[in-house]
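The primary structure of each chain is shown beneath.
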Amino acid sequence: MLPFEQKIAFLVFAVVTGLLGIRGFYRLYRRVAAGQPDVDARWNRLAARTWYALTTTLLQNRTFRRRPVVSFFHSFIFYGFSFYILVNCVDALEGFFPVSISSANWAGASYNLLADVFSALVMIGVVALVVRRFFLPSRRDFRFNERTLLHEDVRRWYITRDSLIVSVFILFHVGSRAMGAGAKLAAEGPDRFQPFATLLSHGFTPADAEAWRVFGFWGALGSVLLFLMYFPYTKHIHLMMAPVKYLVAREASPGVLPALDVNLESEEPKLGARRLEDLGWPRLLDAYACIQCNRCQDVCPAAATGKALSPAALEINKRMELNSLARSGTGFEKGGESPRPLLGFALSTEAVWACTTCGACMEVCPTQNEQMLDIIDIRRQQVMIEGEFPTQLQTAFRGMERANNPWGINHDQRMAWAEGLAVPTVEENPAPDVLYWVGCAASYDPQSQKTARAFVQLLTRAGVNFAVLGKQERCTGDSARRAGNEYLYRQLADQNVATLATVRPKLIVATCPHCMNTIGKEYKQIGCDFKVMHHTEYLESLIADGRLAVEASASAVAYHDPCYLGRHGGVYEAPRNVLRVLTNEFVELERKRENSFCCGAGGGQFWKEEEEGPERISDNRYREAQAHLDGRGEGAVLAVGCPFCKSMLESTPGKGEAGGIAVKDVAELLLESVLRRAGESVRLASVAPAAVAPATSVAVKEVVIAKAAASPMPAQVVQETSQAEPVASVRKKWVPKAAAANLPPVEEVAVVTVPVAVRKKWEPKRSGKPPTTDN
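Residues numbered from 1 in each chain as written. Predicted model: local features only at pLDDT ≥ 70, side-chain atom pairs only at ≥ 80, totals over all residues. Heavy atoms only, no water.

### Section: the layout of surface pockets
Taken as a whole, the largest pocket holds about 790 Å³ of empty space. Taken together, 28 residues form the lining of the largest pocket, with Phe81, Ile85, Asn88, Val224 and Met240 sitting closest to its centre. Looking at the lining of the largest pocket, the elements with two or more residues in it are α1 (4-33), α2 (46-59), α3 (68-96), α6 (158-188), α8 (209-230) and α9 (238-247). Tallying contributions element by element places α3 first for the lining of the largest pocket, with nine residues. (1 Å grid on protein atoms, 1.4 Å probe; cavity = no way out; pocket = protein on both sides within 12 Å on 5 of 7 lines; lining within 4 Å. Points joined across faces, edges and corners; volume = space filled by probe spheres on them. Helix = DSSP H or I, 4+ residues; strand = E, 2+ residues; numbered from the N terminus.)

### Notes on the packing of α9 against helix α10 (residues 281-289)
Where α9 contacts α10, the two axes come as close as 8 Å, and the packing angle between them is 145 degrees. For α9 against α10, the interelement crossing comes out left-handed. Contacts between α9 and α10 pair His238, Met241, Ala242, Val244 and Lys245 from the former with Pro282, Leu285, Asp286, Tyr288 and Ala289 from the latter. Here the contact of α9 with α10 is composed, by residue class, of seven nonpolar, one polar and two charged. (Axes fitted to C-alpha atoms, helices over the stretch in contact; angles between N-to-C directions. Left-handed = near helix turned anticlockwise from the far one by under 90°. Contact = heavy atoms within 4.5 Å. Nonpolar A, V, L, I, M, F, W, Y, C, P; charged D, E, K, R; others polar.)

### Some details on the sheet that holds strand β9 (residues 662-665)
Consider a sheet: its strands pair through backbone hydrogen bonds, and that pairing is either parallel or antiparallel. One open sheet accounts for four strands, arranged β7-β6-β8-β9; its pairing is parallel. A single partner strand is all that each edge strand has here, and the edge strands are β7 (583-588) and β9. The average undirected angle you get between the axes of adjacent strands in this sheet is 35 degrees. Relative to β9, strand β8 (residues 637-640) runs parallel, the two sharing four bridges. (Pairing = 2+ DSSP bridges.)

### Topic: unusual backbone geometry
Even without being glycine, tryptophan 157 reaches a positive phi, approximately 65 degrees. If you trace the backbone, tryptophan 157 turns up in the loop between α5 (152-155) and α6. With relative accessibility at 45%, the residue tryptophan 157 sits in the partly exposed group. The phi torsion at glutamine 368 lies on the positive side, around 60 degrees, for a residue other than glycine. For glutamine 368, the location among the structural elements is in the loop between α15 (360-364) and α16 (371-386). (Buried < 20%, exposed > 50% of the residue type's maximum accessible area, 1.4 Å probe, protein only.)

### Let's talk about helix α13 (residues 311-328)
With 18 residues, α13 should reach 26 Å at 1.5 Å per residue; the first-to-last C-alpha distance of 26 Å fits that figure. By the criterion of burial, α13 is predominantly enclosed, with 15 of the 18 residues buried. Downstream of α13 by one or two residues, glycine 329 has phi in the positive range, about 65 degrees. (Expected span 1.5 Å × (residues − 1).)

### Focus on the sheet that holds strand β4 (residues 508-510)
A sheet is described by the order of its strands in space; here four strands give the open sequence β3-β2-β4-β5, paired in parallel fashion. For this open sheet the edge positions go to β3 (466-468) and β5 (532-534), each flanked by a neighbour on one side alone. In this sheet, neighbouring strand axes are inclined to one another by 35 degrees on average, regardless of whether the strands run parallel or antiparallel. As paired strands, strand β2 (residues 434-437) and β4 are joined by three bridges and run parallel to one another. Among the inter-strand pairings, tryptophan 437 is bridged to a residue of β4, identified as alanine 510.

### A word on the state of the cysteines
In this structure the tally under the stated criterion is zero disulfides. Just so you know, cysteine 296 is unpaired, no disulfide at all, and the nearest cysteine sulfur is the one on cysteine 293, 6.4 Å from it. A relative accessible area of 9% means that cysteine 296 is categorised as buried. Take cysteine 512: it sits in no disulfide, and the sulfur closest to it among the cysteines is that of cysteine 515, at 3.9 Å. (Disulfide = S-S within 2.5 Å.)

### Overview of the packing of aromatic side chains
Think of a pair of aromatic rings as described by two things: how far the centres are apart, and how the planes are tilted against each other in angle. One pass over the full model with this rule turns up 30 aromatic pairs. Considering the side-chain rings of phenylalanine 172 and phenylalanine 215, the 6.4 Å spacing of their centres and the 90 degrees angle between planes classify their relative orientation as edge-to-face. Of this pair, phenylalanine 172 sits in helix α6 while phenylalanine 215 sits in helix α8, placing them 43 residues apart in sequence. Among the residues examined, phenylalanine 172 registers a relative accessible area of 40% and is labelled partly exposed. Ring geometry for tryptophan 417 against tyrosine 436: centres 6.2 Å apart, planes inclined by 85 degrees, an arrangement best described as edge-to-face. (Phe/Tyr/Trp six-rings, centres within 6.5 Å; stacked < 30°, edge-to-face > 60°.)

### Comments concerning the environment of tyrosine 288
Tracing the chain through its elements places tyrosine 288 in helix α10. With sequence-adjacent residues up to four places away left out, tyrosine 288 is seen in contact with Leu28, Arg31, Val32, Pro232, Ile237, His238, Met241, Arg319, Leu322 and Asn323. A distance of 3.0 Å separates the side chain of tyrosine 288 from the side chain of arginine 31, its partner in a polar contact. A polar contact of 2.9 Å, which involves the side chain of tyrosine 288, links it to the side chain of asparagine 323. (Polar contact = N/O pair within 3.5 Å; in protein donor to acceptor, adjacent residues only side chain to side chain.)

### Quick look at helix α19 (residues 446-461)
Across its 16 residues, α19 extends 23 Å between first and last C-alpha, which sits within 8% of the 22 Å expected from 1.5 Å per residue. Taking burial as the measure, the 16 residues of α19 include 15 buried ones, the bulk of the element. At the C-terminal side of α19, glycine 463 shows a positive phi close to 70 degrees.

### A few points about empty space enclosed by the protein
Inspection of the entire model under this criterion finds 16 cavities of 30 Å³ or more. Each pocket or cavity is described by its volume, and for the largest cavity that value is around 510 Å³. Taken together, 25 residues line the largest cavity, and the ones lying closest to its centre are His74, Leu129, Lys235, His236 and Ile291. Secondary-structure elements contributing two or more residues to the lining of the largest cavity are α3, α4 (106-134), α6 and α9.

### A look at the pairing of β8
Side chains Val637 and Ala639 of β8 all project onto a buried face; the interleaved residues Leu638 and Val640 project onto the opposite face, where all are buried too. Relative to β8, strand β6 (residues 553-559) runs parallel, the two being bridged by three bridges. Note that in β8 the partner of alanine 558 across the bridge is leucine 638.

### Concerning the confidence of the model for the protein
Overall, the predicted model of the protein reaches an average pLDDT of 85, with 86% of residues at or above 70. Low pLDDT, under 50, characterises residues 683-727; the predicted model gives this stretch 111 contacts beyond four residues in sequence or across chains. The low-confidence segment residues 729-775 (pLDDT under 50) makes 109 contacts with residues lying over four places distant or belonging to another chain. (pLDDT = per-residue confidence, 0-100.)

### Focus: the side chain of aspartate 619
Within the element layout of this structure, aspartate 619 appears in helix α25 (residues 617-629). No salt bridge forms around the buried aspartate 619; measuring N to O, its nearest opposite-charge neighbour arginine 616 is 6.0 Å away. When residues no more than four places from it in sequence are discounted, the contact partners of aspartate 619 are Thr652, Pro653, Gly654 and Lys655. (Lys, Arg positive; Asp, Glu negative; His and termini not counted. Salt bridge = Lys/Arg side-chain N within 4 Å of Asp/Glu carboxyl O.)

### With respect to the environment of threonine 57
Its place among the elements puts threonine 57 in helix α2. Since its relative accessible area comes to 11%, threonine 57 is described here as buried. Taking C-alpha positions, threonine 57 is 9.3 Å from leucine 239, a pair spaced 182 residues apart along the chain. Leave out the neighbours within four places in its chain, and threonine 57 touches Phe78, Pro243 and Tyr246.

This is how it looks when you write it as structure tokens:
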């Protein structure tokens, strides 16, 4: 127990530091509250949210998802500090009242053992993380690309200084408490339930034990009170803010962007974010919940390929600016305007347009930060208010405005992909069991047309009652929305919603995960709620029901998880289940499922050239697939479930240099398997695609089916419709106009080579790997 004079001194010290600490926390609250009201529900189902926040915080399961060794040492600090809340309260009582926790009973023994063990573990954890942070090669985890915009405080080594201050505080705080416990045992005798304190007790004598015990009291509790004043400004505020972020976590998947009321008639329309206060308050909270682990940077495809974007730097820069505003007294906490735009300190313009909206940063973040949504808000402001965006996007925007598709191809050609196939429209079959949403890619891109043609043939063979919208179908607006053009997205979405409300489909099946996500999830924001399924899920059910008979291939098949099917859509098993019955050698890539690496097409990237960097995103992913399939024999295939993934990986420059592996949709592989089982053969012949935007034109091959047995009739490009009702009129045979005259009237189709515009080879503006900048 403290002497009376020291009790008074400690109380005065506690009141002063406590009030200053409370003021610091209140100012932090005001900075977060300066953000905009959020459009997503954050306080609904409060009981469930509270339980989730408690369990996620205490179990640390999101932290352990990556870097298990580091997370193991981090858990020492977390659980130690959590228990130290009780330890500090007990120590304060012992300093003011004649009470002591004895190990004579099980409760006291348990308390003393935990306090003793956690004291040792916390110091071990801190030392281990300091060594990792400053001395091991893993210190690279805390560096940024030279192209990445960093706040001036980061460049002034603020993060390093802050880490050292906090590490010293923890060691001093816990060390002081351990010394006080050791001094107590030096006077009272050893305790087998306090092995660490007993070991330290040998360094004290009964004569000086009391003085060291008082020092331990002041050192432990006094340092905590002093740290309260600094705590709201340090990175370790995440100990408090992370549980709050779990409590108000966004329930929608990263693939569902926040709704936006597009009102261009307003004198000052609020579209997107230009300054900090334009962001929703939960995304200002993100800045303080961030633990600065840089996991988001590790998984970001733009950062991994040397682009300017770093999701980690975005959150760190936001925090630095918020703390700078607190120091400068600009009035931001009282509702004043922040002095600088986000593009002046948080992100560079180049970084904003490097994002593929893959959602990997949000998926991996231990505190569920929403980095990608900040970028979307900045894009919205840039596109709809400033009119500043990559010029290549203008072509896609104009195509969606005038032709209802980003390719800009005449809308009358929407059904050209179905030439030669019996594909009923809703006019011909007004009550289908399945409405196949073809999408713009499968309608106009020769690569994706193969997927659509394979899928409808499978539906026909399985006797499925299906139909398509035909010319009633328009672009879903996915690319426009991800590129920040919410106004254009709503124009397209409203028309599609009106069409679907009239058709009222029982089930929508899409071969494009982007269409699936937009129709199935985002259209709910504007009153459209229909059941939407990916084609791999539907094909899985057809195989399970025995409606499609397959024959496995000996060729190795690897599967690439599309971001919008996996992370955004939660569909992982269906394509794998289909592929496992199609091949005897199914190969998993290293980066798979929720950790899959983007192809580089999302977020409007498909319609523009990538930002500067030493490597193309699609090359990075293709190289990984190549490494896993090398040496696995002839016919190795990389399977995909997204038309954009297929186009990017098929046409990536690295594929040509490496000799290449085939890139096919799951539906194409399934059709080949069904034909093998039926005794039919598959041959490849080059075809000339219809007019396609030059940026995405690639040389493609079309599956041509010929009967294994000789036939007096010319080989058919597709299988004719079955006897299933209703029977649609068969569309004219799908053959390229330029090559039609060259097709010989024999049982096999000759290979006709047609020159096609190929995406120009991409060359980085700078060679070599860029140097890194420590923070």
